[in-house]
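Now for the letters of each chain:
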Amino acid sequence: MKVSIVGAGNVGAQCAYRLAQQKSGEIVLLDVVEGLPQGKALDMMQAGAVEGFDIKIKGANDYKETKDSAVVVVTAGLARKPGMSRDDLILKNAEIMSSVIRPVVEHSPHAILIIVTNPLDVMTYFAHKISGFDRKRVMGMAPLLDAARMQYFIARTLNCSAEEVYAEVLGSHGDLMVPIPRLSTAKGKQITELLTEEQISRIVQKTRDGGAEIVALLKTGSAYYAPGSAAARMVFSILKDKKETIGTCCCLDGQYGVKDVFVGVPAKLGRGGVEEIIELDLETAEIKALQDSAKAVKELCEKLPQVK
Ligand code: TXD
């Protein structure tokens, strides 16, 4: 099965490399810049000779090469620069999204789309509108990344392995993200039993600022190892029909009192795309935070150009 990744920049390349390491099947890496995807594809296949994977990775500038993809990951777009919010990217990335989704749909009308481009929840909504696909076949990557960041901060505070930590993060990928400490655990125990309130609020703030901290350090561009790996994990659950429950930006249909807005919630990912949205037993304040987050996404979506 073919996976195409549009945008052969930092996140796209990391996603492709992770998929190749997992021997996922044929990969097409596409970009507007000539030579960039071809060069990265060659480099990765040569890495396969060292690491022992033998996957076909094709670099392309023409959407014909993406024909009949099972999954298309879209990372094309501008990344934040220091001092920029994700929302500052709306108009420029909407233009790019529009020029990407139309040929993607034309060549792969049955694909499942995973959007990565920021502002994530808004771009996923926009991609859904342009594609005309069923809501189950369009989703965004971010909640898994946000949860991984929280997992890391919890593990560092408790001095344990991040693999022993589970973190629940809902909502939009931005300032109104909704980390849920009550449903986050370390070694099977709620973190609310293991950490002080002050420690938890520091972890929550660091999670919210997780992307900005990296942007400030890198100075050019934003995070890509964890984002690329997170997108690859979603692709893998779909391709292998694993039905793994993964924090995903999906279009809600009344769950949590939210309708027709894309926002992060746990979802079961398989061959059908978003096969089920999991409804957690949230407390009133948690639901309110999720609804506020969805409301902010909806308001930002109003800034998008009309879809013709
Ligand atoms: O959690 C998340 N969802 C995110 C999102 C985590 C990290 C990065 N996030 C966003 O993904 C970021 O804010 C950007 O909007 C995208 C891509 O980030 P990346 O770090 O990969 O940016 P790069 O390295 O600049 O790569 C973007 C590539 C680059 O090679 C461009 O030439 C290409 O996109 N590009 C295009 N490809 C195809 N078609 C068009 N129109 C196009 N325009 C640019």
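**Remarks on the nonpolar core**
Then, number 1: The biggest cluster of nonpolar side chains holds 83 residues, and the ones touching the most others in it are Ile5, Leu19, Val73, Ile101, Leu113 and Ile114.
Then, number 2: Leaving out residues up to four positions away in the same chain, Ile5 has contacts with Gly12, Cys15, Ala16, Leu19, Ile27, Val28, Leu29, Leu30, Val73 and Thr75.
Then, number 3: With 16 residues, the next largest nonpolar core counts Ala147, Ala167, Leu195 and Val204 among its residues.

**Side note on unusual backbone geometry**
Then, number 1: Residue Pro119 follows Asn118 across a cis peptide bond; omega there is -10°.
Then, number 2: Here Pro119 lies in the loop between β5 (112–115) and α4 (120–131).
Then, number 3: Located in the positive-phi region is Asp241, a residue other than glycine, with phi close to 50°.
Then, number 4: Tracing the backbone through its elements, the reader meets Asp241 in the loop between α9 (225–239) and β12 (244–253).
Then, number 5: Using a relative accessible area of 30% as the deciding quantity, one classes Asp241 as partly exposed.
Then, number 6: Even without a glycine there, the phi angle at Asp260 is positive, about 60°.
Then, number 7: By secondary structure assignment, the location of Asp260 is in strand β13 (residues 259–270).
Then, number 8: Accessibility expressed as a relative area gives 39% for Asp260, which makes it partly exposed.

**A look at the site of the ligand**
Then, number 1: If you check the shell around the ligand, you find 31 residues, and the closest are Asn10, Val11, Asp31, Leu78 and Met141.
Then, number 2: Val11 places a main-chain nitrogen or oxygen 2.8 Å from an oxygen atom of the ligand.
Then, number 3: Within the backbone of Gly77, one N or O atom sits 3.5 Å away from an oxygen atom of the ligand.
Then, number 4: Within the complex, the protein chains bury 87% of what would otherwise be the 860 Å² of accessible surface of the ligand.
Then, number 5: The pocket occupied by the ligand, as judged from atoms lying within 2 Å of grid points, is the largest pocket.
Then, number 6: Those elements that place two or more of their residues in the shell around the ligand are α1 (10–21) and α3 (90–107).
Then, number 7: At four residues, the largest contribution of residues to the shell around the ligand is made by α3.
Then, number 8: Looking at the shell around the ligand residue by residue, the class counts come to 19 nonpolar, 11 polar and one charged.

**Describing the environment of Glu106**
Then, number 1: By secondary structure assignment, the location of Glu106 is in helix α3.
Then, number 2: Using a relative accessible area of 60% as the deciding quantity, one classes Glu106 as exposed.
Then, number 3: For the pair Glu106 and Glu164, spaced 58 residues apart in the sequence, the C-alpha separation amounts to 43 Å.

**Description of the pattern of salt bridges**
Then, number 1: A complete count under the given rule lists 17 salt bridges for this structure.
Then, number 2: With a shortest N-O distance of 3.5 Å, Asp68 and Lys67 are connected by a salt bridge.
Then, number 3: Classification of Lys67 as partly exposed rests on a relative accessible area of 45%.
Then, number 4: The structure contains a network of salt bridges with shared partners spanning Arg135, Asp253, Lys259 and Asp260.

**Re the layout of surface pockets**
Then, number 1: Space inside the largest pocket adds up to approximately 810 Å³.
Then, number 2: Lining the largest pocket are 38 residues, with Thr75, Ala76, Gly77, Leu78 and Ala79 sitting closest to its centre.
Then, number 3: Put simply, the parts of the chain that give the lining of the largest pocket at least two residues each are α1, α3, α5 (143–158) and α8 (210–218).
Then, number 4: When grouped by side-chain class, the residues that make up the lining of the largest pocket number 20 nonpolar, 14 polar and four charged.
Then, number 5: For the second largest pocket, the calculated volume is near 470 Å³.
Then, number 6: As for the second largest pocket, its lining consists of 24 residues, and the residues nearest its centre are Leu144, Ala148, Gln151, Arg233 and Glu244.
Then, number 7: Of all elements in the fold, only α5, β7 (165–166), α9 and β12 reach the threshold of two or more residues within the lining of the second largest pocket.
Then, number 8: At six residues, the largest contribution of residues to the lining of the second largest pocket is made by α9.

**Description of a nonpolar patch on the surface**
Then, number 1: A cluster of nonpolar side chains, contributed by Val32, Val33 and Leu36, occupies part of the molecular surface with about 270 Å² of accessible area.
Then, number 2: Position of Val33 relative to the elements: it lies in the loop between β2 (27–30) and α2 (36–51).
Then, number 3: On the accessibility criterion, Val33 (44% relative accessible area) is partly exposed.

**Overview of the sheet that holds strand β10 (residues 185–186)**
Then, number 1: Spatially, β7-β10-β11 is the arrangement adopted by the three strands of the open sheet, whose pairing is antiparallel. This sheet does not close on itself; its edge strands, each paired only once, are β7 and β11 (189–190).
Then, number 2: As paired strands, β7 and β10 are joined by two bridges and run antiparallel to one another. Bridging across to β10, Tyr166 finds its partner in Thr185.

Conventions and cut-offs
Here, residues in each chain are numbered from 1, in the same order as that chain's written sequence. Local features in this predicted model are restricted to residues whose pLDDT is 70 or higher, and side-chain atom pairs enter the listing and the counts only when it is 80 or higher, whereas totals over whole chains, interfaces and linings include all residues. No hydrogens and no water enter the side-chain calculation; it runs on all heavy atoms of the structure. Buried Ala, Val, Leu, Ile, Met, Phe, Trp, Tyr and Cys residues that are joined via side-chain atoms within 4.5 Å together make up what is termed a nonpolar core. Remark: exposure states derive from per-residue accessible area (1.4 Å probe, protein chains only) relative to the maximum for the residue type, with buried under 20%, exposed over 50%, and partly exposed in between. Residues count as neighbours in contact if any of their non-hydrogen atoms are within 4.5 Å of one another. Numbering of helices and strands runs from the N terminus; a helix is a DSSP stretch of H or I covering at least four residues, while a strand is a stretch of E covering at least two. Put simply, a residue is near a molecule or strand once any heavy atom of it comes within 4 Å of that molecule or strand. In protein, a polar contact requires one atom able to donate a hydrogen and another able to accept it; more generally it is a pair of N or O atoms within 3.5 Å, and residues adjacent in sequence count only if both atoms are side-chain atoms. All accessible areas in this document rest on Shrake-Rupley with a 1.4 Å probe, and a residue is counted as covered only by the protein chains that are shown. Cavity means a closed set of points on a 1 Å grid over the protein atoms alone, one where a 1.4 Å probe fits but cannot get out, pocket means an open set with protein on both sides within 12 Å along at least 5 of 7 lines, and lining means a residue has an atom within 4 Å of a point. In this scheme, a molecule is assigned to a cavity or pocket if more than half of its atoms are within 2 Å of the grid points. When residue character is reported, Ala, Val, Leu, Ile, Met, Phe, Trp, Tyr, Cys and Pro are called nonpolar, Asp, Glu, Lys and Arg charged, and the others, Gly included, polar. When a carboxyl oxygen of Asp or Glu lies within 4 Å of a side-chain nitrogen of Lys or Arg, that pair is called a salt bridge. Grid points are joined across faces, edges and corners, and a volume is the space filled by probe spheres set on the points. Grouping into patches uses exposed residues only, defined as over 30% relative accessible area, and leaves out salt-bridged ones; the cut-off is 9 Å for like charges and 5 Å for nonpolar side chains (Val, Leu, Ile, Met, Phe, Trp, Tyr). Note: two strands are recorded as paired if DSSP finds a minimum of 2 bridges between them.

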